[in-house]
Amino acid sequence: MTLPGERLGRRVAERQRETAETVVAVRIDLDGSGRAEITTGIGFLDHLLTHLARHGGFDLRVHARGDRQIDEHHTTEDVAIVLGQAFLAALGDRAGIRRMGHSLMPMDDVLVLVAIDLSGRGKAVIDLPFARERLGELSTELIPHFLETFALEGRLNLHCRLLVPGNAHHQAEAAFKGLARALSDAVSFDPRRSGQLPSTKEYLEA
Ligand SMILES: [Mn+2]
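Residues numbered from 1 in each chain as written. Predicted model: local features only at pLDDT ≥ 70, side-chain atom pairs only at ≥ 80, totals over all residues. Heavy atoms only, no water.

Caption draft 1: Focus on the packing of aromatic side chains. Summed over the entire model, instances satisfying the criterion amount to two aromatic pairs. For the ring pair F146 and F176, a centre distance of 5.6 Å and an interplane angle of 45° mean the geometry is tilted. Residue F146 is located in helix α3 (residues 142-153), and its partner F176 is located in helix α4 (residues 168-187); the two are separated by 30 residues in the primary sequence. Judged by relative accessible area, which is 2%, F146 ranks as buried. (Phe/Tyr/Trp six-rings, centres within 6.5 Å; stacked < 30°, edge-to-face > 60°. Helix = DSSP H or I, 4+ residues; strand = E, 2+ residues; numbered from the N terminus. Buried < 20%, exposed > 50% of the residue type's maximum accessible area, 1.4 Å probe, protein only.)

Quick look at the structure:
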């Protein structure tokens with residue numbers, strides 16, 4: 001099935017996943033304009049994913065419902081799984097892209113470093129401690145877990161390091177804005193590469 005936008009050569013993908021714990025549907029357009037339609041039932045997670053869409057320039061639709069009577073863990077983790085899978089699918093063969101991206105993201109008192117390599121190998125190095133246990137309905141331990149799960153399912157190398165700690169809300173936002181900017185750079189096309197695979201191996205795991 002060809003998705004709207006694919007006909008325009010845009011990098012669009014949809015993925016769904018249904019388990020006894022959660023139902024998740026994600027649509028991502030890497031060549032969008034930053035439109036977000038996010039309903040996970042977890043307000044702060046919606047807030048972070050909206051930042052990812054807006055600052056990445058990705059059109060992102062995420063609909064999820066899960067066994068919140070237990071807690072928000074399964075819903076958060078499964079959104080990260082499906083988002084990673086949709087991102088990988090939308091990326092396609094990666095010909096002509098920059099492949100790497102990074103950002104030093106300030107958010108008032110906080111500074112976070114994010115570095116990405118769309119290598120095709122999932123590897124996350126996350127150093128993002130929180131002094132607070134919860135942000136709204138989201139436990140802060142799930143934020144590093146979300147980033148790690150996204151990197152593994154998206155088959156990308158992700159480093160996220162808190163350089164200057166501070167307000168927990170700012171730390172989480174800086175991490176997702178930084179991820180957005182680094183991804184936006186990494187998926188962008190480098191006109192000098194036109195169609196070339198960004199790898200000396202002429203090969204990227206897909
Ligand atoms: Mn905010």
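Caption draft 2: The arrangement of empty space enclosed by the protein in detail. Applying the stated criterion across every chain yields a total of one cavity of 30 Å³ or more. In this model, the largest cavity occupies a volume close to 30 Å³. For the largest cavity, the full set of lining residues is I28, L52, F58, L83, F87, F150 and L183. In terms of residue class, the lining of the largest cavity is made up of seven nonpolar, no polar and no charged. (1 Å grid on protein atoms, 1.4 Å probe; cavity = no way out; pocket = protein on both sides within 12 Å on 5 of 7 lines; lining within 4 Å. Points joined across faces, edges and corners; volume = space filled by probe spheres on them. Nonpolar A, V, L, I, M, F, W, Y, C, P; charged D, E, K, R; others polar.)

Caption draft 3: Quick peek at the nonpolar core. One finds L49, L60, F87, I116, L118 and L183 to be the most contacted residues of the largest nonpolar core, which totals 59 residues. With eleven residues, the top contributor of residues to this core is α4. Once residues lying within four places of it in the same chain are set aside, the contact partners of I116 are R99, M100, G101, L156, N157, L158, L179, A182, L183 and A186. (Core = buried A, V, L, I, M, F, W, Y, C linked by side-chain atoms within 4.5 Å. Contact = heavy atoms within 4.5 Å.)

Caption draft 4: Molecular detail of the sheet that holds strand β3 (residues 36-39). Strands sit in the order β1-β2-β4-β3 across an open sheet of four strands; the sheet is mixed. Each edge of the open sheet carries a strand with a single partner, namely β1 (12-18) and β3. Sheet twist, expressed as the average angle between the axes of neighbouring strands with direction ignored, equals 5°. Of the pairings in the sheet, the one linking β1 to strand β2 (residues 22-29) comprises seven bridges and is antiparallel in character. Residue pairing in the sheet places Q16 in a bridge with A25 of β2. The strands touched by helix α1 (residues 43-56) within the sheet are β3 and β4 (59-66), with β3 carrying the most contacts at an inclination of about 160°. (Pairing = 2+ DSSP bridges. Axes fitted to C-alpha atoms, helices over the stretch in contact; angles between N-to-C directions.)

Caption draft 5: Expanded view of the packing of α3 against α4. Where α3 meets α4, the closest approach of the two axes is 11 Å, and the angle between their N-to-C directions is 15°. Between α3 and α4, the crossing angle belongs to the class labelled roughly parallel. Read as a crossing pair, α3 and α4 show a hand that is right-handed. Where α3 approaches α4, its residues I143, F146, L147 and F150 are matched on the opposing element by A172, F176, L179 and L183. Among the residues making up the contact of α3 with α4, the classes are represented as eight nonpolar, no polar and no charged. (Parallel < 35°, antiparallel > 145°, perpendicular 65-115°, else oblique. Left-handed = near helix turned anticlockwise from the far one by under 90°.)

Caption draft 6: Fine view of the coordination of the manganese ion. Distances from the manganese ion to its protein donors, H47 (NE2), H169 (NE2) and E173 (OE), fall within 1.7 to 2.2 Å. For H47, a relative accessible area of 30% gives the class partly exposed. (Donors = N, O, S within 2.8 Å, 3.2 Å for Na, K, Ca; no water.)

Caption draft 7: Representation of unusual backbone geometry. With a phi close to 55°, D108 is a non-glycine residue in the positive phi region. Along the chain, the position of D108 falls in the loop between β5 (100-107) and β6 (110-117). Given a relative accessible area of 65%, D108 falls into the exposed group. A positive phi angle, close to 50°, is found at R155, a residue other than glycine. By the secondary structure assignment, R155 is in the loop between α3 and β10 (157-164).

Caption draft 8: Broad picture of α4. Helix length check: α4 (20 residues) gives 29 Å between terminal C-alpha atoms against 28 Å at 1.5 Å per residue, within 8%. Within α4, 16 of the 20 residues are buried, which leaves it mostly tucked inside the rest of the structure. The N-cap of α4, judged by a side-chain oxygen 2.8 Å from the amide nitrogen of H169 a few residues on, is N167. (Expected span 1.5 Å × (residues − 1). Polar contact = N/O pair within 3.5 Å; in protein donor to acceptor, adjacent residues only side chain to side chain.)

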